[in-house]
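# Coordinate inspection notes
Each chain, letter by letter, is given below.
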Amino acid sequence: MDAAHPRARAIAIRGDRVIAVGSDDEIRATIGPKTKVIDLQGRSATPGLVDAHAHLYELGQTIEAVDLRGTASAEEAAARVGKIVASRAKDEWLLGRGWDQNLWEPKAFPTRAVLDQIVGDRPAMLERVDGHAVWVSTAALRAAGIDRDTKDPDGGKILRDDHGEPTGVLVDNAVDLVVAKIPRDSSEVIERRIRAAAAIAIRGGLTGVHEMGIPDDVAAVYRSLDAKHALPLRVYAYRRGDPAHAELLRTDHPQPAGDRFEMRGVKFFVDGALGSRGARLTDDYADDPGNRGLWVTPPDVLSHAVDDAVAGGWQVAIHAIGDAGNHAVLDAYEAALSAHPGDRRLRVEHCQVLRPDDIPRFAALGVIASMQPTHATSDMPWAEARVGPERIKGAYAWRSILATGAVLAAGSDFPVEEPSPILGLYAAVTRQDKDGNPPGGWYPAQRMTLEEALRAFTVAPAFAAFAERDRGVLAPGRIADVTVFDRALAADRTLLRARADLTIVGGEITYRYEEATGE
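So, here is what we can say about the structure in this document. (Residues numbered from 1 in each chain as written. Predicted model: local features only at pLDDT ≥ 70, side-chain atom pairs only at ≥ 80, totals over all residues. Heavy atoms only, no water.)

Turning our eyes to something else, we now look at helix H7 (residues 187–203). Between its terminal C-alpha atoms H7 stretches 24 Å, which fits the 24 Å expected from 17 residues at 1.5 Å a residue. Restricting attention to buried positions, one finds in H7 the residues Val189, Ile190, Glu191, Arg193, Ile194, Ala197, Ala198, Ala201 and Ile202. The inward-facing, buried residues of H7 contact helix H2 (56–64), strand E11 (206–214), helix H8 (216–227), strand E19 (500–505) and strand E20 (508–512). (Helix = DSSP H or I, 4+ residues; strand = E, 2+ residues; numbered from the N terminus. Expected span 1.5 Å × (residues − 1). Buried < 20%, exposed > 50% of the residue type's maximum accessible area, 1.4 Å probe, protein only. Contact = heavy atoms within 4.5 Å.)

Before going further, it helps to examine the sheet that holds strand E4 (residues 49–54). The strand order across the open sheet formed by eight strands is E4-E11-E12-E13-E14-E15-E16-E17, and the pairing between neighbours is parallel. Because the sheet does not close on itself, it has two edges, and the strands there are E4 and strand E17 (408–410). Going from strand to strand, the sheet's axes swing by 25 degrees on average, the running direction of each strand aside. Sheet topology note: the strand E13 (residues 261–269)/strand E14 (residues 315–320) ladder contains five bridges and is parallel. Opposite Phe269, over in E14, you have His319 as the bridge partner. Set on the sheet, helix H9 (residues 299–311) makes contact with E13 and E14; between it and E13 the angle comes to about 165 degrees. (Pairing = 2+ DSSP bridges. Axes fitted to C-alpha atoms, helices over the stretch in contact; angles between N-to-C directions.)

According to the stated counting rule, one finds 46 salt bridges in the structure shown. Arg43 serves as the salt-bridge partner of Asp501, at 3.0 Å between the closest nitrogen and oxygen. Of the two residues, Asp501 sits in strand E19 while Arg43 sits in the loop between helix H1 (24–28) and strand E3 (44–47), which places them 458 residues apart along the sequence. The closest approach of N and O atoms between Asp358 and Arg361, which form a salt bridge, is 3.0 Å. Both residues of the pair, Asp358 and Arg361, belong to the buried class. (Salt bridge = Lys/Arg side-chain N within 4 Å of Asp/Glu carboxyl O.)

The next thing to look at is the nonpolar core. Across soluble globular proteins, nonpolar side chains show a tendency to be buried alongside one another. In this structure, Tyr222, Phe268, Val316 and Phe362 are the most contacted members of the largest nonpolar core, which totals 97 residues. A total of seven residues in this core trace back to one element, the largest contributor, which is helix H10 (residues 323–339). With residues near it in sequence (within four places) discarded, Phe362 still touches Asn326, Leu330, Val348, Cys351, Leu354, Val367, Ile368, Ala369, Ile401 and Ala406. (Core = buried A, V, L, I, M, F, W, Y, C linked by side-chain atoms within 4.5 Å.)

The subject of this paragraph is the packing of H9 against H10. As a packed pair, H9 and H10 sit with axes 9 Å apart at the nearest point and diverge in direction by 40 degrees. The chirality of how H9 crosses H10 is right-handed. Here Pro299, Leu302, Ser303, Val306, Asp307 and Val310 of H9 lie close against H10, whose contacting residues are Ala328, Val329, Ala332, Tyr333, Ala335, Ala336 and Ala339. Class assignment of the residues belonging to the contact of H9 with H10 gives a composition of 11 nonpolar, one polar and one charged. (Left-handed = near helix turned anticlockwise from the far one by under 90°. Nonpolar A, V, L, I, M, F, W, Y, C, P; charged D, E, K, R; others polar.)

What follows is the structure in structure tokens.
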């Protein structure tokens, strides 16, 4: 990914830095009696791939929760939860994640009655695949004090039946009413989950992640692991922001970076998700007239929060899915940059549905578009039904963003999607599912080239982390973060057969396929 020397045959590393990149003969000249030599034998190496929008700790939580992905009905999802009931203490919350009513017939939200039949009088909370809605049992509603008289919180919705009774599904800020009643995890549990998730990430070839929106107790465990040199990959984190108390960010400045952990940013939410119809749209949902989604944070509150954070030296990242949500974020950024000029590298997370007149504003304002290619291929069966044939032209619009000269940083949003960056590269260059559908790709004019997709997972995340002088390309003097694949990469379905053979972070091999599998 070095523009001056885009491709080479070999690389030499000393300590944590690249010392030479070139031909086989040029690099052989650097070999000494103690040099470790790895012959890739036709395999390919890229700068270390970085997931620019991930939830590493949440992946660790998901590993220990009930996996509800791929269920075909609410009954099947509840039955999976039923398999763990007997093994858990009676006062322990039953947790799961991954259900998606768009995959069910009918495509309707589940109810607590279905869950109660399985868990009885036990508190249970099952997250929707996007994390923006939960399905809970009656016992969980009772623990949170939610009944027919409970008002919807600002930026949230309690779904109700025809009699006004809560159905058991909570959307966006209403989720917090239940989450607040779940006991906090100990530092030992947090560390266990981080270690387990990190092992999955490096197995996929990731040398780093941008950890989006973590609480301070999780950040403290990351710092502890970093101090013990126990992080096998780089974690560039964003603090979970509270727009209602953002004035504290003016004086509570980011802490100095460690070796592999840094939390320089803060994350806010402007709206919800498209799948649960919480994304804020300028006009009604095409499949739900009268509904324009939610303001998780009203635009005026968001604008003040952004100003406070930028004034305090924080890099701001804001979740925005709907076109109205994205417009409000860009307005807030424009105001903050006017008041606090400088190299801020503000980010919009997801940028899923954009008004045509907002697309050029990313480059004009120097705002980073943080987008997740696999969201498009996961959402394409139903996304157009949500927004209609006109607005879909500004949805998942990678080519349109790149054409303006804006920086596009790619990620997966795991555990919403799968962690493997190969799947992101494949979605970016084909806009097809794993079976190759639809033929030619979904709105194929928005596809990326393979080089653009690789830049979005290497060069762009380094820039987004203010690390472009050290990482993102393989060149002399740069940090030796390298991902090695078992084959040459091509912009077609053969990508799906590729695997990471080596993950190298700072010159250290943190994952080797042969050692991990015994092959």
